[in-house]
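Listed here are the chains, written in short residue letters.
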Amino acid sequence: MDMQVVNLTDRLGNSKMMSILRIQTCLLKSMVDYLLSRGFVWILPIMLAKSTDPLWPDPSYSIEKRVEVEIYGVKVKTMQSMIVHKRVLVSLGPEKIFILSPNIRIENRDRHATGRHLYEFTQLDLEVAYAKMNDIFRLFEEMIKKAVEDVKKERREDLELLERDLKIPSTPFRVYKRGELEEKYGANWEEIISIESVDPVWVTDIPRQFYDYEDLETGEWRNYDLILPEGHGEVLSGGEREYEYEKMLAKIRRDNLNIEDFKAILELARRGLLRPSAGAGLGVERFVKYVCGLKHIGEVQPFPRIPGQVIDL
Ligand code: AMP
Ligand code: MG
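Keep in mind that this is a model prediction, so the values were computed, not measured.

**Student:** Could you give an account of the overall build of the protein chain, naming the residues involved and the relevant values?
**Tutor:** The number of helices and strands found in the protein chain is 10 helices and 13 strands. Relative to a compact globule of 313 residues, whose C-alpha radius of gyration would be 20 Å, the protein chain shows 19 Å and is just as compact. Across its three principal axes, the protein chain shows a C-alpha extent of roughly 55 × 45 × 40 Å. Put simply, the protein chain has 313 residues, and 53% of those count as buried. Counted over contacts in the protein chain with a minimum sequence separation of 6, partners at least 24 positions apart contribute 75%. For the protein chain, the exposed surface amounts to about 14900 Å²; the carbon and sulfur share of it is 51%.

Next comes the structure, spelled out in structure tokens:
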């Protein structure tokens, strides 16, 4: 599929696009219903802020440009993820929250070729005060399984039109440590494990941003990715979180980040008000791509946001 030339008339009236959008609607409804039934509070997104996810040093970091604008004489960034705001919310407000959160990440333009990157996408982003890794595993396993079951029940004709034979995932998903996968498969472990698995798998202990919990004695990071089968790759990242002031400050310095950008959350931590929590963000378009069995993530969006390719609308 040539995603460069997008004919919007053909695209939006097309029965394939319609099926994808109906499946997406069904998945979102199923997941939102699930979270509401579990007592989560639904928060609306924010898009411009002084604090956002630095993304650095995530191993998959590839940002070509950071978008900053000045409003009211103050410099703000477009949202790369609401991690800082999620942490503040579950510390001072409701203990269980979720957000359908639009993210702008100007990924390197070469990433059009991965079939998995967009420069605008949406996360189903959630956070739970006092939760641990296993709580978040069980939550997503149940939510994902139910969402797939609902699509198979309610959108059977759409799956048929897409010629998608979708397996209901078996739970619990297997858990691997990044180190053991690296040893077995080398640097390309994500792709290989994704192609080899028939169900989604968890991968833990991934060195990355300062806010994920790192056990300084064992060197273990209590964080995780969820990798989808059939080569669809990573669909979710999350972790238990740091909450101690000195440790966060040291990690922010270690990553060469600007302390000013994280002033508010650091101040809360300094005052002992930051609650421990765990959470994760699921990439909605990547999840829809998998459920629909598509080759390129751009196929999910009515107005594709493919790196390097800005369309007229
Ligand atoms: P992260 O915490 O950066 O891994 O982002 C959370 C999830 O959002 C990822 O696991 C992906 O499913 C999704 N995601 C991240 N970056 C992109 C992107 N450039 N395009 C589409 N989805 C993305
Ligand atoms: Mg990730």
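Right, picking up where we left off after that structure.
**Student:** Break down the sheet that holds strand 2 (residues 48-49) for me, with residues and values.
**Tutor:** Strands sit in the order 2-5-4 across an open sheet of three strands; the sheet is antiparallel. In this open sheet, the two strands that pair with only one neighbour each are strand 2 and strand 4 (68-71). Alignment of strand 2 against strand 5 (residues 74-78), held across two bridges, turns out to be antiparallel. Each residue of the ladder has a partner; that of alanine 49, found in strand 5, is lysine 77.

**Student:** Kindly report on the packing of helix 8 (residues 245-254) against helix 9 (residues 263-270), identifying the contributing residues and their values.
**Tutor:** Close contact between helix 8 and helix 9 brings their axes to 8 Å; oriented N to C, the two are set at 150 degrees. Taken together, the axes of helix 8 and helix 9 are roughly antiparallel relative to one another. Of helix 9, the residues touching helix 8 (which contributes Tyr245, Met248, Leu249 and Ile252) are Ile265, Leu266, Ala269 and Arg270. Taken together, the residues of the contact of helix 8 with helix 9 sort by class into seven nonpolar, no polar and one charged.

**Student:** Quick rundown of the site of ligand 1? Include the residues and the values.
**Tutor:** Contacts to ligand 1 come from 15 residues, most closely from Arg105, Glu107, Glu234, Val235 and Ser237. Between ligand 1 and leucine 118 there is a distance of 2.9 Å, counted from a nitrogen atom to a backbone nitrogen or oxygen. A total of 470 Å² of accessible area belongs to ligand 1 in isolation, and the protein chains cover 94% of it. Elements with a contribution of two residues or more to the shell around ligand 1: strand 8 (120-129), strand 12 (233-240) and strand 13 (277-283). Residue contributions to the shell around ligand 1 peak at four residues, all from strand 12. Of the residues assigned to the shell around ligand 1, the class counts are five nonpolar, five polar and five charged.

**Student:** So, the state of the cysteines: which residues are in play, and what are the values?
**Tutor:** Any covalent bond linking the sulfur atoms of two cysteines counts as a disulfide. In this structure the tally under the stated criterion is zero disulfides. For cysteine 26, which is in no disulfide, the shortest distance to another cysteine sulfur is to cysteine 292 and amounts to 10 Å.

**Student:** Go over the environment of arginine 305, please, and point to the residues and values.
**Tutor:** Along the polypeptide, arginine 305 turns up in the segment after helix 10 (284-292). Judged by relative accessible area, arginine 305 falls into the buried class, the value being 18%. Once the C-alpha coordinates of arginine 305 and histidine 112 are considered, the two residues, 193 residues apart in sequence, prove to be 9.5 Å apart. Setting aside anything within four residues of it in sequence, one finds arginine 305 in contact with His117, Leu118, Tyr119, Glu120, Ile311 and Leu313. A polar side-chain atom of arginine 305 sits 3.3 Å from the main-chain carbonyl oxygen of phenylalanine 303.

**Student:** How would you summarise the nonpolar core if you had to cite specific residues and measurements?
**Tutor:** Grouped together as the largest cluster of nonpolar side chains are 46 residues, with contacts concentrated most on Phe140 and Phe287. Among the secondary structure elements, those contributing two or more residues to this core are helix 2 (15-37), strand 8, helix 4 (133-154), strand 11 (223-228), strand 12, strand 13 and helix 10. A per-element tally of this core places helix 4 first, with 10 residues. If we ignore the near neighbours within four places in the chain, the residues touching phenylalanine 287 are Leu27, Met31, Ile144, Ala147, Val235 and Leu282. Judged by nonpolar contacts, the second largest core, of 14 residues, contains Val84, Tyr211, Leu249 and Leu257.

**Student:** Describe the pattern of salt bridges, listing the residues and the values that go with them.
**Tutor:** Side chains that differ in sign of charge can pair as their charged atoms come close. Across all of its chains, the model carries 32 salt bridges by this definition. Each of Lys86, Asp125, Glu127, Arg208, Asp212, Asp225 and Arg241 takes part in a single network of salt bridges with overlapping partners.

**Student:** Quick one: what's the story with the packing of aromatic side chains, residue by residue and with numbers?
**Tutor:** In the structure shown here, the tally under the stated rule is nine aromatic pairs. Geometrically, the ring pair formed by tryptophan 202 and tyrosine 224 is edge-to-face, given 5.9 Å between the ring centres and 85 degrees between the ring planes. Remark: tyrosine 224 occurs in strand 11 and tryptophan 202 occurs in strand 10 (residues 201-204); sequence separation between them is 22 residues. With respect to class, tryptophan 202 is no different from tyrosine 224; both count as buried. Grouping aromatic residues by their ring pairs yields a cluster made of Phe137, Phe173, Trp202 and Tyr224. The lysine or arginine in question, arginine 164, covers the ring of tyrosine 290, its NZ or CZ lying 5.6 Å from the ring centre. A cation over an aromatic ring shows up here: lysine 247 above the ring of tyrosine 213, its NZ or CZ 3.8 Å from the ring centre.

Reading the values: rules and limits
- Residues numbered from 1 in each chain as written.
- Chains lettered and ligands numbered in written order.
- Predicted model: local features only at pLDDT ≥ 70, side-chain atom pairs only at ≥ 80, totals over all residues.
- Heavy atoms only, no water.
- Helix = DSSP H or I, 4+ residues; strand = E, 2+ residues; numbered from the N terminus.
- Rg over C-alpha atoms; globule rule 2.2 N^0.38 Å.
- Buried < 20%, exposed > 50% of the residue type's maximum accessible area, 1.4 Å probe, protein only.
- Contact = heavy atoms within 4.5 Å.
- Areas by Shrake-Rupley, 256 points an atom, 1.4 Å probe, with all protein chains shown as cover.
- Pairing = 2+ DSSP bridges.
- Axes fitted to C-alpha atoms, helices over the stretch in contact; angles between N-to-C directions.
- Parallel < 35°, antiparallel > 145°, perpendicular 65-115°, else oblique.
- Nonpolar A, V, L, I, M, F, W, Y, C, P; charged D, E, K, R; others polar.
- Near = heavy atom within 4 Å.
- Polar contact = N/O pair within 3.5 Å; in protein donor to acceptor, adjacent residues only side chain to side chain.
- Disulfide = S-S within 2.5 Å.
- Core = buried A, V, L, I, M, F, W, Y, C linked by side-chain atoms within 4.5 Å.
- Salt bridge = Lys/Arg side-chain N within 4 Å of Asp/Glu carboxyl O.
- Phe/Tyr/Trp six-rings, centres within 6.5 Å; stacked < 30°, edge-to-face > 60°.
- Lys NZ or Arg CZ within 6 Å of the ring centre and 35° of its normal.

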